[in-house]
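Here are the chains, one letter per residue:
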Amino acid sequence: MIKIVAGLGENTNILKGASNIEDFEVEFVKSNKGLLEAINNPDVGGVVRGSLSASDVIKSLKKSSNNTSINRGTYIHSDDYDFLILPVGIDEGQTVEDKKVIIKQASEFILKLGKVPKIAILSSGRADDYNRNPNVDFALKDSEILEKLVKDDLAKDTKFKNIDFSVKNYYILIEQAINDKNNIIVAPDGIIGNYIFRILVLLCKWPSYGAVTLGIDEIYIDTSRDQSAEGYRRSLFLAYELAKLKQALQ
């Protein structure tokens, strides 16, 4: 049976979320060290942060693996489709190159799920908002450069050969990006991505599966310490489904 390890902190909703699960085994740890050991344990199918204050887990993963290209994307389920919001780490997506890397990682994740990447790039203003604010000008230019780089990058990658992926710059029009059912929505940086996550999930109560960790082979779902029992349950089942998929592909 697949084992999923989850972090248990002050918020005991994670215990409620894990109750009466028969499809897989759930084991709890109470420290960041326990989470890291579980992530690196080949006998563990997947790890969920749960309610631990585990802000240094990603830093430790980057340090231990010498991989600075580890990022997160929050997996959200709206009324009629699923999508990733990224970047959501406040230190992620700071440059065009950073965002190009995370978009590639997210696109590969979407492919593994058997879906076609449909990518919406966001910025800080509309296309005709140049010369109103120098910071907005910079963000607009970045988004236009990023759109071209991602299109070229995916077109050259054999993984995406004969895949009808799409990349479109929506500028500030996030409502259009969601209405058009893009499954990868790219914020201007991790701070704005984190705001979008908090507004949609914690305030507006859109169901979230947690933040998928991209750039590693291991399965680690980052979750909020303030999540509901239902939210934690979704994250546990996502880790389980990804673990099953990983087994099938090996």
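Here the structure is shown first, and the text comes after it.
Given the structure is predicted, the values throughout are model-derived calculations rather than measurements.

Student: Mind laying out the packing of helix α4 (residues 96–112) against helix α5 (residues 134–156), listing which residues take part and the relevant values?
Tutor: Following both chains from N to C, one finds α4 and α5 inclined at 45°, their axes separated by 10 Å at the closest point. It follows that α4 is oblique to α5 by the angle criterion. The handedness of the crossing between α4 and α5 is right-handed. Together, V96, K99, K100, I103, K104 and S107 of α4 and D142, I145, L146, L149, V150, D153 and L154 of α5 make up the contact between the two elements. Considered class by class, the residues forming the contact of α4 with α5 number seven nonpolar, one polar and five charged.

Student: Any details on the pairing of strand β6 (residues 118–122)? Residues and values, ideally.
Tutor: Of all five residues that make up β6, four are buried, and the element is covered over most of its length. As judged from the five bridges shared by β6 and strand β7 (residues 166–171), these two strands associate in the parallel manner. What sits directly across from A120, in β7, is K168. With three bridges joining them, β6 and strand β8 (residues 184–186) adopt parallel strand pairing. Across the sheet, residue I119 finds its bridge partner in β8, namely I184.

Student: How would you sum up helix α8 (residues 229–249)? Please name residues and give values.
Tutor: Between the first and last C-alpha of α8 there are 30 Å, a value that for 21 residues agrees with the 30 Å anticipated at 1.5 Å per step. Listed as buried for α8 are A229, G231, Y232, S235, L236, L238, A239, Y240, L242 and A243.

Student: Describe the packing of aromatic side chains, and please don't skip the residues or the numbers.
Tutor: If you walk through the whole model with that rule in mind, you get seven aromatic pairs. Between Y75 and F109, the aromatic rings sit 5.9 Å apart at their centres with planes inclined by 90°, giving edge-to-face as the arrangement. Placement of Y75 in strand β4 (residues 71–77) and of F109 in helix α4 is noted, with a sequence separation of 34 residues between them. Here the two residues Y75 and F109 agree in accessibility, since each one is buried. Each member of the aromatic cluster is reached from another via a ring pair, and the members are F24, F237 and Y240.

Criteria and thresholds
- Each chain has its residues counted from 1, running along the sequence as written.
- It should be noted that, the model being predicted, local features are given only for residues of pLDDT at least 70 and side-chain atom pairs only at 80 or more, the latter also being counted only at that level, while totals for whole chains, interfaces and linings use all residues.
- The side-chain quantities take in all heavy atoms of the structure and omit both hydrogens and water.
- Axes here mean lines fitted to C-alpha atoms, for a helix over just the part in contact, with angles spanning 0 to 180 degrees between N-to-C directions.
- Numbered from the N terminus, helices here are DSSP runs of H or I no shorter than four residues, and strands are runs of E no shorter than two.
- Roughly parallel covers angles under 35 degrees, roughly antiparallel covers those over 145, roughly perpendicular covers 65 to 115, and oblique covers all other angles.
- What makes a crossing left-handed is the near helix being turned counterclockwise from the far one by less than a right angle; a clockwise turn instead makes it right-handed.
- What makes two residues a contact is simply this: any of their non-hydrogen atoms within 4.5 Å.
- Under the convention adopted here, Pro, Cys and the residues Ala, Val, Leu, Ile, Met, Phe, Trp and Tyr are nonpolar, Asp, Glu, Lys and Arg are charged, and Gly plus all remaining residues are polar.
- Partly exposed describes any residue whose relative accessible area lies between the buried limit of under 20% and the exposed limit of over 50%, with all areas from a 1.4 Å probe on protein chains only and scaled to the type maximum.
- Only strands joined by at least two bridges in the DSSP assignment are considered to pair.
- The span you would expect from a helix comes to 1.5 Å times its residue count less one.
- Any pair of Phe, Tyr and Trp rings, taking the six-membered ring for Trp, is counted once the centres come within 6.5 Å. Such a pair is stacked with planes under 30 degrees apart, edge-to-face with planes over 60 apart, and tilted for the rest.

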